[in-house]
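Listed below are the residues making up each chain.
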Amino acid sequence: MEKKPHFLRREFPPREVSSVSLALLLAAVLLLNALLYLYLNKFYTASGLAETDPGLCPFGYFRLGAVKNCSPWLSCEAINREVRKLKRVGEGAVKKVFLSEWKENKVVLSQLTNSELKEDFLHGLKMLKALQSKHVVRLLGYCEQQFTILTEYHPLGSLRGLNETLHIPKYKGMNTWHRRLMLAIDYVSIIRYLHSSPLGTLVMCDSNDLDKVLSQYLLTSDFHILVNDLDALPLVNRSAGRLVKCGHRELRGEFVAPEQHWPYGEEVPFEDDLMPPYDEKTDIWKIPDVSNFLLGHVEGSDIVRLHLFDIHAACKKKDPAERPSAQEVLDTYRKVLTLLIREAAMPGTREML
């Protein structure tokens, strides 16, 4: 009788195959984490951890464009001789702003509008000089006698035009949850810097509504945020018992913090002398509203908002003492960015593990 050949099927132990797959998966996760660490480390450095490094020039100097050497801040004489006005591009209560030219570079020349507000103008100049960093627009020169300030030009303008900019074909690729969250991180980084500045704890007082806040910041061509207007930055000094008040008029609306409202009701007329002062936690109250604008309504932005829900709820605590610090908000934003980048890079990793 002819024997039928027997075909043997070799079976691998399921546990061995599972171990190999798990090892490969873990190796991929470790590689991803290493790449993520390198990326985020580069991002955090670029977004302002090197606080006092505007173009690697020492204090009193600047570097503009592709020029390698640092130049001293321009004096009155140099501004009058070398800077040419091109056109007026803005005007506020304190100053007029002109697009100008210096040695074939576009620059911004600001001049006092109202002589009654010269103290505000000079305060802004003092802040601009003292706070030069990666968070602050670059100072190129000034002339106190003529109430003139020269700063770097950023063609994308203020943050008010962010959504319009992102609809320009050149920048549509930037209109993602990731890039928008990075802008929000830039904004909170600036608030953190002001709250722990070389001068002490500074409060961003020109911030009574969202439009006013956005007008204080510039959008750079590489999509970062710089603070531009420093005319109203009072100092909080707890050890000396010094708090602040933003202006001398009654503030209304939900955008400002509760402690900025007149506390004695409609039946008592507002009096500046009776208005209680407050501290930097007014800036924390406003972070969720500004971030909501920056996050926009793109694919993934609602997921970002969900992850930020708890920290934003804490920012809106009625008691200022219960709100987080700007550093705590910033830490949370960075953790959310790290988490969401990791999940976007390897969706389903958690389930596979």
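Summarised in this report is the structure supplied together with it. Starting from 1, residues in each chain are numbered consecutively following that chain's sequence as written. Where totals are concerned, whole chains, interfaces and linings use all residues; where local detail is concerned, this predicted model gives features only for residues with pLDDT of at least 70, and gives and counts side-chain atom pairs only at 80 or more. Side-chain figures throughout are based on the complete set of non-hydrogen atoms in the structure, without hydrogens or water.

1. Observations regarding the pattern of salt bridges
Part 1: Here, a salt bridge means any side-chain nitrogen of Lys or Arg that lies within 4 Å of a carboxyl oxygen of Asp or Glu. Counted according to the given criterion, the structure contains 16 salt bridges.
Part 2: One salt bridge connects Lys-95 with Asp-229, and the closest N-O pair in it is separated by 3.7 Å. In this pair, Lys-95 is assigned in strand β4 (residues 95–102) and Asp-229 in the loop between β10 (225–227) and β11 (235–236), connecting sequence segments 134 residues apart.
Part 3: Classification of Asp-229 by relative accessible area gives buried; the value is 16%.
Part 4: One salt bridge in this structure joins Asp-279 and Arg-238, with 2.9 Å as the shortest N-O distance. Here the residue Asp-279 occupies a position in the loop between β11 and α7 (281–295), and Arg-238 occupies one in the loop between β11 and α7, the gap between them amounting to 41 residues.
Part 5: Burial classes: relative accessible area under 20% of the type maximum marks a residue as buried, over 50% as exposed, and values in between as partly exposed (1.4 Å probe, protein chains only). Take Asp-279: its relative accessible area is 16%, and that puts it in the buried class.
Part 6: Here Arg-238 falls in the partly exposed class, since its relative accessible area comes to 48%.
Part 7: Among the ionic contacts, a cluster of salt bridges with common partners joins Glu-77, Arg-81 and Glu-82. Helix numbers and strand numbers start at the N terminus; a helix is a DSSP run of H or I with at least 4 residues, a strand a run of E with at least 2.

2. Let's talk about the nonpolar core
Part 1: If you look at the biggest cluster of nonpolar residues, it comprises 73 residues, and the most contacted ones within it are Leu-131, Leu-181, Tyr-187, Tyr-217, Leu-294 and Tyr-333.
Part 2: Note that the domain bounds reflect an automated or database-derived domain assignment. Domain assignment of the residues forming this core places at least three in each of domain 1 (71–152) and domain 2 (157–345).
Part 3: Contact criterion: two residues are considered in contact whenever any of their non-hydrogen atoms come within 4.5 Å of each other. Ignoring anything within four residues of it in the chain, the contact list for Leu-131 reads Val-136, Tyr-193, Leu-194, Ser-197, Pro-198, Leu-199, Leu-202, Leu-230 and Leu-233.
Part 4: Among the buried residues, those of types Ala, Val, Leu, Ile, Met, Phe, Trp, Tyr and Cys that are joined through side-chain atoms within 4.5 Å form a nonpolar core. Ranked by size, the runner-up nonpolar core spans 10 residues in total, among them Cys-205, Cys-246, Trp-262 and Met-275.

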